[in-house]
Amino acid sequence: MIKLFLKYFVYNGNTKSLKVSFVLPLLTIMVGSYIMFISYAIMDGFKDEILKSIYFFNKENNIIINKKISDQSSNRYEELIIFLKEKDYIDTMYEERIIFIKSNFQSTISKAYGIINFSDFKPKEFFEYNYKNNLNYFCYVGSNLARNLNIKPGDQIDLISVLDFKNLYDFPETKITVKDIIKSDILKYDNSIYMPYDSILFKKNVLFNINLNKELSLSDYNFIKERFSNSIEINSDNYIFSELIHAINFEKTFYVFFGFVIVIISSIMLVGFNISSIVTNISKIGILESLGLKRKKIKILFLLNTLVLTILGIMISLILIFLTIYFDNNYMLLDFIFDPKVYFNFKLKLPSQIIFNIIILIFMIMFASTIYPLNKIGKLNIIKAIKGRNI
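Reading the values: the criteria
- Throughout this description, residue numbers start from 1 for each chain and increase along the sequence as written.
- The predicted nature of this model means local features are confined to residues of pLDDT at least 70 and side-chain atom pairs, given and counted, to a pLDDT of 80 or more, with totals for whole chains, interfaces and linings taken over all residues.
- Values shown for side chains rest on all heavy atoms present in the structure; no hydrogens or waters enter the calculation.
- By salt bridge we mean one thing: a side-chain nitrogen of Lys or Arg within 4 Å of a carboxyl oxygen of Asp or Glu.
- Working definition: helices are DSSP H or I runs of at least four residues, strands are E runs of at least two. Numbering for both runs from the N terminus.
- Throughout this description, buried means an accessible area under 20% of the type-specific maximum (1.4 Å probe, protein chains only), exposed means over 50%, and partly exposed covers the range between.
- As a rule, the C-alpha atoms of each element are fitted with a line to give its axis, helices using only the stretch in contact, and angles between N-to-C directions run from 0 to 180 degrees.
- The scheme is simple: roughly parallel for angles under 35 degrees, roughly antiparallel for over 145, roughly perpendicular for 65 to 115, oblique for anything else.
- Contacts were defined at the residue level, with two residues in contact if any of their heavy atoms lie within 4.5 Å.
- Residue polarity follows a fixed list, in which Ala, Val, Leu, Ile, Met, Phe, Trp, Tyr, Cys and Pro are nonpolar, Asp, Glu, Lys and Arg are charged, and the others, Gly among them, are polar.
- Among buried residues, those of type Ala, Val, Leu, Ile, Met, Phe, Trp, Tyr and Cys that are joined through side-chain atoms within 4.5 Å constitute a nonpolar core.
- Per-residue confidence from the predictor is given as pLDDT, running between 0 and 100.
- Each Phe, Tyr or Trp ring (for Trp, its six-membered ring) is paired with any other whose centre lies within 6.5 Å, and the angle between the two planes then decides the class: stacked below 30 degrees, edge-to-face above 60, tilted in between.
- Criterion for a charge above a ring: Lys NZ or Arg CZ within 6 Å of the ring centre, and within 35 degrees of the ring normal.
- One less than the number of residues in a helix, times 1.5 Å, gives the span that helix is expected to have.
- For this quantity, the arc is that covered by the directions from the helix axis to the C-beta atoms.

Digging into the pattern of salt bridges
No. 1: For the structure shown, the criterion picks out 8 salt bridges.
No. 2: Close ionic contact of Glu95 with Lys67 constitutes a salt bridge, the shortest N to O distance being 2.8 Å. Residue Glu95 is located in strand S4 (residues 90–103), and its partner Lys67 is located in helix H3 (residues 67–72); the two are separated by 28 residues in the primary sequence.
No. 3: Given a relative accessible area of 1%, Glu95 falls into the buried group.

Given below as structure tokens:
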């Protein structure tokens, strides 16, 4: 059986080389599989890194409260905060506004996040310096803002609240020390300042934001919506960056589909080569069957050809993808493709479940391509086959 398989499907005795009908489907399976694997590895790695940066401040689930509407209703937002604390839902609470900043004889406009319980806000993995000094009143500054104003940890900046002035000549000022620089690679965050909540600086605010550390249960969601529906907005999947996340998923789907198309082409190619093999060797197949080789075994030979091609193609593509991941982890291979100054410095990620799903998909496609040739063999007439007539 193995000798017959090698003779009719793998090795060309005349040219002393592998048959084109074996090599071409093998190459297309290998390329298609690799494209699907590398597409998932790149896009999942990129998505995980960007989500980690996005969620360092704005969490996946949050609640926005309109304080003005809440104060006019019977159910004030303070009651909601108490409820969320009791249920252990709260991650951070903050208000935001635009504020003027002065430092090192330079000034600019920036978004300021006034964070309640600011002492608990410590995004250490995004700190550039990890400044250790104990400060009573301090803030964190985004990396872009710090670079524009030449700010370093320990520098003092002036916060000028333009919206709270009493007249054209009197501006309230607050001096605050920068404890560290935050680099998230998200422009929105890196152009901002993070500071303790100040009731004077943020007194004009209407919206109050609560980041949740987990998704609301259905009963709690319904309770909150029923009791505070007029003054709140409940968001999930980080609505602020939802378009970016959808774009990443779309791009991943596009590249995976491209690899899928290549595998489909391989399956169509395999159908053609199998039919060609039947037509070319029709008399030999008839003779083998007349000598006692059962038609079932002939079918097994074609199935074996598909199985060997698929397994070899997948194995080679897996070796290539694991080598790619290894070289990227140790020698930053993707930095030659994606400039880390422009893109995120992310690591390739390929979960075992994704590998399994892609392998199953490829096997299904390739074995589906064998159905038609097997059907042709089933209808083969031995006498006509021996005479070498067309099917």
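Next comes the rest of the description.
Description of the packing of helix H4 (residues 77–86) against helix H7 (residues 218–228)
No. 1: Two elements in contact, H4 and H7, have axes whose closest approach is 11 Å; the angle formed by their N-to-C orientations is 170°. The orientation of H4 with respect to H7, classified from their angle, is roughly antiparallel. Touching Glu79, Leu80, Phe83 and Leu84 of H4 are Asp220, Phe223, Ile224, Arg227 and Phe228, all from H7.
No. 2: Considered class by class, the residues forming the contact of H4 with H7 number 6 nonpolar, no polar and 3 charged.

Thoughts on the environment of Val206
No. 1: Looking at where Val206 falls in the secondary structure, it is placed in the loop between strand S9 (192–196) and strand S10 (207–212).
No. 2: A C-alpha to C-alpha distance of 8.2 Å links Val206 and Ile65, two positions 141 residues apart in sequence.

With respect to the nonpolar core
No. 1: Core analysis: the largest hydrophobic core is formed by 50 residues, its most contacted members being Phe57, Phe121 and Tyr194.
No. 2: Mapped by element, the contributors of at least two residues to this core are helix H2 (20–54), strand S5 (106–116), strand S6 (138–142), helix H8 (242–280), helix H10 (295–331) and helix H11 (352–368).
No. 3: Setting aside anything within four residues of it in sequence, one finds Phe121 in contact with Phe56, Phe57, Ile115, Tyr140, Ile182 and Tyr194.
No. 4: Ranked by size, the runner-up nonpolar core spans 18 residues in total, among them Leu159, Ile193, Met195 and Phe202.

Description of the confidence of the model for the protein chain
No. 1: The predicted model of the protein chain has a mean per-residue pLDDT of 80, with 80% of residues at 70 or higher.
No. 2: Under a pLDDT of 50 for its full length, residues 165–171 has, in the predicted model, 4 contacts with residues more than four places off or in other chains.

A short note on the packing of aromatic side chains
No. 1: Scanning all chains against the criterion turns up 24 aromatic pairs.
No. 2: Summarising the aromatic geometry, the rings of Phe57 and Tyr113 are spaced 4.6 Å apart at their centres and angled 55° between planes, so their arrangement reads as tilted. Placement of Phe57 in the loop between H2 and strand S3 (61–66) and of Tyr113 in strand S5 is noted, with a sequence separation of 56 residues between them. Residues Phe57 and Tyr113 agree in their burial class; the two are buried.
No. 3: With 6.1 Å between their ring centres and 55° between their planes, Phe121 and Tyr140 make a pair best called tilted. Separated by 19 residues along the polypeptide, Phe121 in the loop between S5 and S6 and Tyr140 in strand S6 bring together distant segments of the chain. There is no split in this pair, since Phe121 and Tyr140 are both buried.
No. 4: The cationic tip of Lys214 hangs over the ring face of Tyr89; the distance from NZ or CZ to the ring centre is 5.1 Å.

Describing unusual backbone geometry
No. 1: Within the chain, Asn104 stands out as a residue other than glycine whose phi angle is a positive 55°.
No. 2: Along the polypeptide, Asn104 turns up in the loop between S4 and S5.
No. 3: Using a relative accessible area of 36% as the deciding quantity, one classes Asn104 as partly exposed.

Notes on H11
It helps to recall that an α-helix has 3.6 residues per turn; residues three or four apart then point in one direction.
No. 1: An ideal rise of 1.5 Å per residue puts 24 Å on 17 residues; H11 measures up with 24 Å between its terminal C-alpha atoms.
No. 2: Along H11, the residues classified as buried are Ile354, Ile355, Ile358, Ile359, Ile362, Ile365 and Met366. Relative to the axis of H11, the buried residues are bounded by an arc of 130° and lie together on one face. Pointing more than 90 degrees away from the buried face of H11 are the exposed residues Ser352 and Met364.

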